Amino acid sequence: MVTARAAATFDPDGRSAAAARGFVRDALLGWGLPEVVDDAVVLVSELVTNAVVHAGTAAEVCCLREEETVRIEVTDHHPERGLPTLGDGPVTASDRYADPDGEGGRGLLMCSALAERWGVEYGTGRKTVWFRLRLPAHVAGTRYAVPATPGSDLPSGPGPVHVAVVQLDEDGRVLAWNPDAEALFQYPAAAVLGRPWADLAVWPQPSGPGLTDTLRLARWEGGYGIRRQDGQEVEVYGVQVRVRDTEGVASTLCLLVLEPDRAVLRSPARTLPGERPDPTGPRLDLLAGPVVTDDLDTLLQRTVERARDLLDGDAAYLLLTTDDEAEFEVRAATGLTSGHRRHTRFPVETGNRYDSARLPSVHEDLSSRPTGLPLLSDSGMRSLVTVPLKVEGRLIGSLGIAATSPGRYDNEDALRLQFAADRVALAVESTRLTELERLRRGSLSFLVEASDLLAGTLEHEQTLALMAQMAVPTLASWCAVYTTADHSAAARLAFVLHEDEDRIDPLRELLDKTPAPETGPTHGVRFWAAPAETAEAGGLTDSPELAGLLGETVAIALTARNRVIGLLALGVPAGVRFRQEILELAEDLSRRAALALDNSRLYSERTATSQALQRSLLPPDLPEIPGVEVDVYYQAAGEGNEVGGDFYDLFTIREGTYGFAIGDVCGTGPEAASVTGLARHSLRLLAREGLDAPQVLRRLNAAILDEGSRSRFLTLLYGELTPRPDGSTELSLVCAGHPLPLRLRTDGQVDRAATPQPLLGVMDDLDLTAETLVLSPGEVLLCVTDGVTERREGSRMLGDDGLADVLTGCTGLTAGAVAARVQRAVERFAPEPPSDDMAILTLRVPNQRQP
């Protein structure tokens, strides 16, 4: 007696064999017959290949479930070829179908080897090859849960059962109308396409949701009325599912039968109005109480705990699919604390033919036929019932209930759990989308803040510290930053941070002993087991400092400007694994951090180079001049500049005679500093050649003009001083366009110590004259650049007179005290910091009475 039947037709093309294999596999698994699947699939594959490839016709495959066997028939429409020879006689060329090495006939050879019985039947225009496979004795294992409808509820009316298929668009208008819909409702398709479904549906008016709201549900089933074309109302039973096309456009698919035929569509756990409750048991409700739509973890944990209690299980778990639907992630579990870890991932398709996450399943005894789910390994669970969570036909997760005793659950338990899972799936998906949106917004805010912080500094060490501080504890419990100057060199541990400050030093010691991750051209996140291996090899795993410290560790290459400049290592405690969204966020952070780190490196290198060059332009330590106090204050304008357009110098020309200079190159910054270097080194060289002051400046003027377009005019005060035996000091001065030096006498009087002469770098021929000055004991000579005299506050300027007033109050002060007082007066003259280079040179002849 045939107890179940499934049939399908396959076109004559190369894809039909694979499609036929899938059809037979699904049919047999749906009947709970995994033991015969492999043999049946092999035989059908060969027979369908013979039909569609060699015979060149469509193939019809029919699966019949009998009491003790399964009969499968493959029919083609090319009966002219004779039956191949399978006996012991000689095989001729015409009998090549029976050749095991030939292209044809292998299906029949396999039938004779694998099937209990097989045969070939000919009819008008068709040929059928059939085989029977005996069902093995029942063993404890996996059974796919399928609805089992009592025979008394099956349709028994005359004629065929019509299943109307109606598709509605987002606005509830008819998109598709199949021939069965025409037969049931007497409307041709042309008359209803584009019409609102509300014109045809007679929707009940009680307190339940209206038609528009019902059409937007993920899944719904129930009874209502349809108006035929003649105006008569017929009662129908319908199942509707929300679907999306490849472009993401939503629509509603409705399957409808007449009310007496409702068993064709009705879910087994559903009770219709007026019917008695389902004898299989009370309906499960996993959503008791309000749904917290913004707290996914709470919803999932409450769901698994309620499902475990309602089915009297010992453990339960809930898995959610990743964005690409290729992996499951453990999001909630109860009763599996010893073996499960949240956020553990494994493939949706485990490769176990007895275990499919897309169908409700009952595992009778996991010890005889283990599931492919690693979550239950060594858990002690024997029975398991699993159901998929689906939204609009898309798999979003799986719910499982397990027990320690075998055979705890049956087909009806799986169907009841599936009905409950269908109700909770939409709430789970909605809450998950809310969580993902919150995480995306949080990630975006995190990256924006990280970018701002990283862009706010160019200090290399501070950038390293910021990278680690942003990663801990947001992304990981600890972070290590490795840097490398050359992609071929080993990375160097540059910074370590742990959320517990007491663990930073032990972690650094461990990482110092651990070989750094390789710095080859890599992309993305890679797992790094070296720290744990180093700790284990050194017997440090159980040490108090490292106890529980090392869990999962990952390394991410820091790549900037197509070059690997370092690595970012992140770690979590033992028993914790990284979530995928955290790893993706870490990758985004690494890209931003790598660019900031490279910028800071370049800035540090250029700053060091610039400072080294600038320091070479400053004079070395000032010489000690017997009988003369000397002090200098110098400040270059611009951040990071040590030398600008202002300069000073004091050097020995010959024994007993010293040269000094203070000058100002037009402009500031590096361009002015280049002329500064030329002037300072030329002065020393020319003065030591025995030239007097006017000759030295004329030669320097020629050198500046030789620079061509790079030349800049220069104001310069140059002099030679010679201490005399009587305690005074004789000076020979040339003031070439520079602010005039001021002399402070012992009585507090201030006067100019030179007369102005032409500046340098403008004219070829200069007429310069040296002026002689004698500083008596107690007198001071103050030389400044225009950054002092031109200090401004609005329209006010310090000027020569203001500087003279400051100097008047410096009577009796040392050279250093005079320079400091002038510097303070300049800074206090205006609230804004000085914007020009500034140099102050003071020479003082001490009184003879002072030691």
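For the structure, check the block above.
Right, let's walk through the structure included here. (Residues numbered from 1 in each chain as written. Predicted model: local features only at pLDDT ≥ 70, side-chain atom pairs only at ≥ 80, totals over all residues. Heavy atoms only, no water.)

Some thoughts on the overall build of the protein chain
Part 1 of the argument: What the protein chain contains, in helices and strands, is 17 helices and 35 strands.
Part 2 of the argument: For the protein chain, buried positions account for 47% of its 851 residues.
Part 3 of the argument: Of the accessible surface of the protein chain, which amounts to about 40500 Å², a share of 50% is contributed by carbon and sulfur atoms. (Helix = DSSP H or I, 4+ residues; strand = E, 2+ residues; numbered from the N terminus. Buried < 20%, exposed > 50% of the residue type's maximum accessible area, 1.4 Å probe, protein only. Areas by Shrake-Rupley, 256 points an atom, 1.4 Å probe, with all protein chains shown as cover.)

Some remarks on the pattern of salt bridges
Part 1 of the argument: Here the structure, examined in full by the defined rule, presents 33 salt bridges.
Part 2 of the argument: The shortest N-O distance in the salt bridge between arginine 242 and glutamate 170 comes to 2.7 Å. Note that arginine 242 is positioned in strand β11 (residues 233–244) and glutamate 170 in the loop between β7 (164–168) and β8 (174–177), a separation of 72 residues in sequence.
Part 3 of the argument: On the basis of relative accessible area, glutamate 170 is assigned to the partly exposed category, the value being 35%. (Salt bridge = Lys/Arg side-chain N within 4 Å of Asp/Glu carboxyl O.)

Some details on a nonpolar patch on the surface
Part 1 of the argument: Together, Phe713, Val762 and Met763 give the surface a local cluster of nonpolar side chains, amounting to about 270 Å² of exposed area.
Part 2 of the argument: Here methionine 763 lies in the loop between β30 (750–752) and β31 (771–775). (Patch = residues over 30% accessible without salt bridge, like charges linked within 9 Å, V, L, I, M, F, W, Y side chains within 5 Å.)

Thoughts on the layout of surface pockets
Part 1 of the argument: Computed from the structure, the second largest pocket encloses a volume of approximately 590 Å³.
Part 2 of the argument: For the second largest pocket, the lining is made up of 26 residues, of which Asp323, Leu436, Gln580, Glu581 and Glu584 are closest to its centre.
Part 3 of the argument: The set of elements that each furnish at least two residues to the lining of the second largest pocket consists of β13 (315–321), β14 (327–334), α8 (411–455) and α12 (580–617).
Part 4 of the argument: In terms of residue class, the lining of the second largest pocket is built from seven nonpolar, six polar and 13 charged. (1 Å grid on protein atoms, 1.4 Å probe; cavity = no way out; pocket = protein on both sides within 12 Å on 5 of 7 lines; lining within 4 Å. Points joined across faces, edges and corners; volume = space filled by probe spheres on them. Nonpolar A, V, L, I, M, F, W, Y, C, P; charged D, E, K, R; others polar.)

A look at the side chain of threonine 214
Part 1 of the argument: For threonine 214, the position within the fold is in helix α6 (residues 211–215).
Part 2 of the argument: From its side chain, threonine 214 meets the backbone oxygen of glycine 210 in a polar contact 2.7 Å long.
Part 3 of the argument: Ignoring any residue separated from it by four or fewer positions in sequence, one finds threonine 214 in contact with Trp203, Pro209, Trp220 and Gln240. (Polar contact = N/O pair within 3.5 Å; in protein donor to acceptor, adjacent residues only side chain to side chain. Contact = heavy atoms within 4.5 Å.)

A word on the sheet that holds strand β5 (residues 126–134)
Part 1 of the argument: Spatially, the five strands line up as an open sheet ordered β1-β2-β3-β5-β4, and their pairing is antiparallel. Here the strands that pair on one side only, and so sit at the sheet edges, are β1 (2–10) and β4 (117–123). Looking at each pair of strands side by side, their axes are set apart by 15 degrees on average, direction ignored.
Part 2 of the argument: Where β1 and strand β2 (residues 59–66) come together, eight bridges link them in antiparallel fashion. Within the sheet, the bridge partner assigned to phenylalanine 10 lies in β2 and is alanine 59.
Part 3 of the argument: Sheet contacts for helix α1 (residues 16–30): β1, β2 and β3 (69–76); angle to β1, the most-contacted strand, approximately 165 degrees.
Part 4 of the argument: Here helix α2 (residues 37–55) sits on the sheet and contacts β1, β2, β3 and β5; the angle it forms with β5, its principal contact strand, is near 170 degrees. (Pairing = 2+ DSSP bridges. Axes fitted to C-alpha atoms, helices over the stretch in contact; angles between N-to-C directions.)

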